[in-house]
Amino acid sequence: MKTVFLVLFLFFGAVHLVASFFDKKAVRYSTKAFILLFLLLYYLSSAKEKSGLMIAALVGSLVGDIFLMPPGLVFFAVGGAGFLVSQVCFILRYAQLTDFSAVNYPLVAVCFAVYFVAAFFAFKKLKNGPDAKTLFGMIAYLAFNGAMNLFAFMLLLSRPSFGSALVFFGAAAFYVSDILLFFNDFYVRPLKRKYFLVMLTYIIAEFCITQGILMIG
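Everything numeric here is computed off the predicted structure, so don't read it as measured data.

Caption draft 1: Structural view of the confidence of the model for the chain. Mean pLDDT for the chain: 90, with 91% of residues reaching 70 or above. For the chain, per-element mean pLDDT is lowest for helix α6 (residues 132–158), which scores 86, and highest for helix α1 (residues 2–21), which scores 97.

Caption draft 2: Here's a closer look at a nonpolar patch on the surface. A surface patch of nonpolar side chains, amounting to about 530 Å² of accessible area, comprises Phe112, Phe116, Val117, Phe120 and Phe121. As for its placement among the helices and strands, Phe112 is situated in helix α5 (residues 105–124).

Caption draft 3: Structural context of the nonpolar core. Ranked by internal contacts, the top residues of the largest apolar core, which has 57 residues, are Phe90, Tyr94, Met148 and Phe174. Counting only elements with at least two residues in this core, the list comes to α1, α2 (25–46), α3 (52–67), α4 (73–97), α5, α6, α7 (162–186) and α8 (194–216). Examining the composition of this core, we find that ten residues originate from one element, α6, more than from any other. Those residues in contact with Tyr94, other than ones at most four positions away along the chain, are Met148, Phe151, Ala152, Leu155, Val167, Ile209 and Ile213.

Caption draft 4: Representation of the packing of aromatic side chains within the structure. Counted according to the given criterion, the structure contains 16 aromatic pairs. Relative to Phe22, the ring of Phe21 has its centre 5.1 Å away and its plane inclined at 80°; by these criteria the two rings are edge-to-face. Note on Phe21: relative accessible area 30%, which makes it partly exposed. On the accessibility criterion, Phe22 (53% relative accessible area) is exposed. Between Phe153 and Phe168, the aromatic rings sit 5.3 Å apart at their centres with planes inclined by 45°, giving tilted as the arrangement. Pair noted here: Phe153 is in helix α6 and Phe168 is in helix α7, with a separation of 15 residues, a long-range link. Among the residues examined, Phe153 registers a relative accessible area of 12% and is labelled buried. Among the aromatic residues, ring-to-ring pairing joins Phe5, Phe11, Phe12, Phe34 and Phe38 into one connected group.

Calculation notes
Residues numbered from 1 in each chain as written. Predicted model: local features only at pLDDT ≥ 70, side-chain atom pairs only at ≥ 80, totals over all residues. Heavy atoms only, no water. pLDDT = per-residue confidence, 0-100. Helix = DSSP H or I, 4+ residues; strand = E, 2+ residues; numbered from the N terminus. Patch = residues over 30% accessible without salt bridge, like charges linked within 9 Å, V, L, I, M, F, W, Y side chains within 5 Å. Areas by Shrake-Rupley, 256 points an atom, 1.4 Å probe, with all protein chains shown as cover. Salt bridge = Lys/Arg side-chain N within 4 Å of Asp/Glu carboxyl O. Core = buried A, V, L, I, M, F, W, Y, C linked by side-chain atoms within 4.5 Å. Buried < 20%, exposed > 50% of the residue type's maximum accessible area, 1.4 Å probe, protein only. Contact = heavy atoms within 4.5 Å. Phe/Tyr/Trp six-rings, centres within 6.5 Å; stacked < 30°, edge-to-face > 60°.

Below, the structure written as structure tokens:
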């Protein structure tokens, strides 16, 4: 069944990306929830030892995908909470798999500096002036995303393998996706093909993290 779930994940992801490229809102909305649903089923059917943290992370992302589609503050809050839970669970799962005694912490400091500078310049470019509460929420969420990336980097340093490299690449793609999302909502000139770029990097991120964790075991 895992091959079936993987094919369905790729199918709905591809359809959603095509709809995003051509800005077909109805198709985007009708396919979005299936992407993470089938990725979750792919993980469940592939993992020899299923991690509750990974399940919670993927469910959190699925909740975020569903609740961020409708307009309204309540939906936004629930969707944002879903993604926050996802980020925290990813962090905890990476920590479980990391040998912290084997981590090169000066390299981690360099990695932190790169993500900090990227976030600084991203927020500096937000011209539409989000209100203080929104800006604080964006910074807090991106901080969790950055922390998730740092833990993915420590996992790569402590257990270098193709699987851990996939995890780190996926985490970085997640970071890029969120910055692109902020640009779409608050930059004075929204990006062309904005939904396509956000979802492309997001789908790549979720798949690479999931596949990398499966390979690490």
